[in-house]
Amino acid sequence: MTTRRTVLGALSGVAFAALTATGALAQEVTLKLHQFLPAQANVPKHILDVWANKVEKDSEGRIKIDRFPSMQLGGKPPELYDQVVDGVADIVWTVVGYTPGRFPRTEVFELPFSVSDAGAASYAYWKMYEEHMKDSFKDAHILATFVHGPGVIHSSEPVKTPADMEGLKLRGPSRQTNALLKTLGAEPVGMPVPAIPEALSKGVVDGAVIPWEVTGALKVPELVDYHAEFTGPALYTVGFVVAMNNDAYNNLPDDLKAVIDNNSGLDFSVFAGTTMQSFDAPARAAAVENGNEITTLSAEESATWAAAAQPVTEAWLADMQSKGIDGQALIDQAKALMAEYEASK
């Protein structure tokens, strides 16, 4: 005779199978992605959203990524990395240089006149992260490492020679860029990107160094009249990371970890750097349309600037040596990897 317990057990098994078949018991995860720019800026719209949408699709809807632009979860941009470490956010996109000196090896990609192409540098950055930098970032799970396109000087006065930098108050994004501005005679004013428009409009700074692509979101061409860009290696670049909270990653089931893994790493890094730089040209065109004056320094003129900036690299090498880090080896490896990427294109 069939017992009541047997019948209930059988029914429970059928119900479990039915729920599993419909996905009702499939583990679902919601992750909070936090960053500092408006949702319609290029990086959130064309990089972070593309990545998040792909993760959601590949997980068949089991991973949902809620996006919080413009620091909507609170805090200030320099706090983003610690927010992901502490679990305030599950994923962040941030500027590594917002925490000066915390990740010294990454600064090899921020040295003056060392990077020409964001895709190549992002490729090298990820390769070197895997080899040299994982320990520095061990308190988070890194999803991508990349840099922006060539840095440009945007100012209220024309800048054509290093002498023109004398006395200008210019916003700088990182320790190495601020050292560069100071070496060239300017007065560096450190601040995150979102603070630039107000600082320009109130005269707190005379200009800013940022890549072309973000100038539209910040309305920089409406706030300054002059822009100076370089031929050959860039005046500077800045490094970024997309980082995930360790627990948020480790608590995922293996199949969802695989979704994150398959959408992260070298390919994501190169995509991010390449995509970011691709928006330099339309932003530059908007400044031209606005009637702004753009000075494109020749290769010879750019070489004069590079010579004036050389003390920044020398000081960095000495600083790395004091930390027990072979800075020259990092520079040489970065150059070799960037050349490797260019040769593979």
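The present account deals with the structure reproduced in this document. (Residues numbered from 1 in each chain as written. Predicted model: local features only at pLDDT ≥ 70, side-chain atom pairs only at ≥ 80, totals over all residues. Heavy atoms only, no water.)

## Structural notes on the packing of helix α4 (residues 118-133) against helix α10 (residues 266-278)
Then, number 1: The N-to-C vectors of α4 and α10 enclose an angle of 155 degrees; their axes lie 8 Å apart at closest approach. When the axes of α4 and α10 are compared, the pair comes out roughly antiparallel. By crossing handedness, the relation of α4 to α10 is classed as right-handed. Counted together, A118, G119, S122, Y123, W126 and K127 of α4 and L266, S269, V270, G273, T274 and Q277 of α10 form the full contact between these two elements.
Then, number 2: Residue composition of the contact of α4 with α10, grouped by class: five nonpolar, six polar and one charged. (Axes fitted to C-alpha atoms, helices over the stretch in contact; angles between N-to-C directions. Helix = DSSP H or I, 4+ residues; strand = E, 2+ residues; numbered from the N terminus. Parallel < 35°, antiparallel > 145°, perpendicular 65-115°, else oblique. Left-handed = near helix turned anticlockwise from the far one by under 90°. Contact = heavy atoms within 4.5 Å. Nonpolar A, V, L, I, M, F, W, Y, C, P; charged D, E, K, R; others polar.)

## A short note on the sheet that holds strand β4 (residues 141-147)
Then, number 1: Pairing is mixed across the open sheet formed by five strands, whose spatial order is β2-β1-β3-β10-β4. A strand with exactly one partner marks an edge of an open sheet, and here the two such strands are β2 (63-68) and β4. Neighbour-to-neighbour, the strand axes of this sheet turn through a mean angle of 20 degrees, independent of strand direction.
Then, number 2: By the bridge criterion, six bridges tie strand β1 (residues 29-34) to β2 in an arrangement that is parallel. Bridged to K32 within β2 is D66.
Then, number 3: With respect to the sheet, helix α2 (residues 42-58) is in contact with β1, β2, β3 (91-95), β4 and β10 (239-244), its orientation differing from that of β2 by roughly 160 degrees.
Then, number 4: On the sheet, helix α9 (residues 254-262) packs against β1, β2, β4 and β10 and is oriented at approximately 50 degrees with respect to β2. (Pairing = 2+ DSSP bridges.)

## Description of the sheet that holds strand β6 (residues 169-172)
Then, number 1: An order of β7-β6-β8-β5-β9-β11 is seen for the six strands of this open sheet, with the pairing classed as mixed. Each edge of the sheet is formed by a strand with only one pairing partner; in this case those strands are β7 (187-190) and β11 (293-296). For this sheet, the mean inter-axis angle between neighbouring strands, taken without regard to orientation, is 30 degrees.
Then, number 2: Here strand β5 (residues 151-155) pairs with strand β9 (residues 226-229) via three bridges, running antiparallel.

## Looking at the nonpolar core
Then, number 1: Ranked by size, the top nonpolar core spans 104 residues in total, and within it W51, F109, I153 and W305 carry the most contacts.
Then, number 2: Looking at this core, the element that brings in the most residues is α4, giving 10 residues. (Core = buried A, V, L, I, M, F, W, Y, C linked by side-chain atoms within 4.5 Å. Buried < 20%, exposed > 50% of the residue type's maximum accessible area, 1.4 Å probe, protein only.)

## Quick word on empty space enclosed by the protein
Then, number 1: If you walk through the whole model with that rule in mind, you get three cavities of 30 Å³ or more.
Then, number 2: Taken as a whole, the largest cavity spans an internal volume of roughly 130 Å³.
Then, number 3: What lines the largest cavity is a set of 18 residues, among which H148, V193, I210, P211 and F240 lie closest to the centre.
Then, number 4: Listed by contribution, the elements that provide at least two residues to the lining of the largest cavity are β3 and β8 (207-211). (1 Å grid on protein atoms, 1.4 Å probe; cavity = no way out; pocket = protein on both sides within 12 Å on 5 of 7 lines; lining within 4 Å. Points joined across faces, edges and corners; volume = space filled by probe spheres on them.)

## Examining the packing of aromatic side chains
Then, number 1: A full pass over the atoms with the stated rule returns 14 aromatic pairs.
Then, number 2: Between Y129 and F137, the aromatic rings sit 6.0 Å apart at their centres with planes inclined by 65 degrees, giving edge-to-face as the arrangement.
Then, number 3: Among the residues examined, F137 registers a relative accessible area of 1% and is labelled buried.
Then, number 4: Pairing F230 with W305 gives two aromatic rings, centres 5.1 Å apart and planes at 80 degrees, and the pair type is edge-to-face. Of this pair, F230 sits in the loop between β9 and β10 while W305 sits in helix α12 (residues 299-322); the two residues are 75 residues apart in sequence, bridging distant segments of the chain.
Then, number 5: Using a relative accessible area of 14% as the deciding quantity, one classes F230 as buried. (Phe/Tyr/Trp six-rings, centres within 6.5 Å; stacked < 30°, edge-to-face > 60°.)

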